[in-house]
Amino acid sequence: QVQLLESGGGLVQPGGSLRLSCATSRSIFSIYTMGWYRQAPGKQRELVATITGGGAPNYADSVKGRFTISRDYAKNTVYLQMNSLKPEDTAVYYCNAELRFTTYWGQGTQVTVSS
């Protein structure tokens, strides 16, 4: 069974930082494109960032320059470093793995940016 185990969410003040982690199996991590999506209340789930098996990143315009996605091949873990957080970043963040027509999702981790 494929599992994506997320951690790192929490409450942070505007301008602060958080690092999200998503751990999975080697068979998934070494091949699949990994990504982070988020969903705020009343809104559709949106792409935040992706990273290919070769390490090529892609970011939504709203987070460029503030967020960094990376993957640790030894730990089978993908990270999302979030800096200069804004209240608009408040959402449930979901880890994602994709390969062709196969998609897996994590359970989500809450990120709240508030004073």
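Residues numbered from 1 in each chain as written. Predicted model: local features only at pLDDT ≥ 70, side-chain atom pairs only at ≥ 80, totals over all residues. Heavy atoms only, no water.

Participant: Even after reading the chapter, I still don't get unusual backbone geometry, so can you show me in this structure?
Facilitator: As a rule of thumb, non-glycine residues mostly have phi less than zero, and peptide bonds are mostly trans rather than cis. Not every positive phi belongs to a glycine, and Asn76 is a case in point at roughly 55°. Mapped onto the fold, Asn76 is located in the loop between strand S7 (67–72) and strand S8 (77–82). Classification of Asn76 as buried rests on a relative accessible area of 16%. The backbone phi angle of Arg100 is positive, close to 55°, even though this residue is not glycine. Assessed through its relative accessible area of 80%, Arg100 is described here as exposed. (Helix = DSSP H or I, 4+ residues; strand = E, 2+ residues; numbered from the N terminus. Buried < 20%, exposed > 50% of the residue type's maximum accessible area, 1.4 Å probe, protein only.)

Participant: Could you clarify how one ought to interpret the packing of aromatic side chains in this entry?
Facilitator: Between two aromatic rings, the relevant description is the distance of the centres plus the angle of the planes. Taken as a whole and judged by the stated rule, the model has three aromatic pairs. An angle of 45° between the planes, with centres 5.9 Å apart, marks the rings of Tyr32 and Tyr104 as tilted. Highlighted residues: Tyr32 in the loop between helix H1 (26–29) and strand S4 (33–39) and Tyr104 in strand S10 (residues 102–105), separated in sequence by 72 residues. Assessed through its relative accessible area of 8%, Tyr32 is described here as buried. The partly exposed category is assigned to Tyr104, whose relative accessible area is 26%. Here Tyr37 and Trp105 contribute two aromatic rings whose centre-to-centre distance is 5.1 Å and whose plane-to-plane angle is 70°, an arrangement assigned as edge-to-face. Here Trp105 lies in strand S10 and Tyr37 lies in strand S4, a separation of 68 residues in the sequence. Above the face of the Trp105 ring, Arg45 is positioned so that its terminal group lies 4.6 Å from the ring centre. Lying across the ring of Phe29, Arg71 places its NZ or CZ 4.3 Å from the centre. (Phe/Tyr/Trp six-rings, centres within 6.5 Å; stacked < 30°, edge-to-face > 60°. Lys NZ or Arg CZ within 6 Å of the ring centre and 35° of its normal.)

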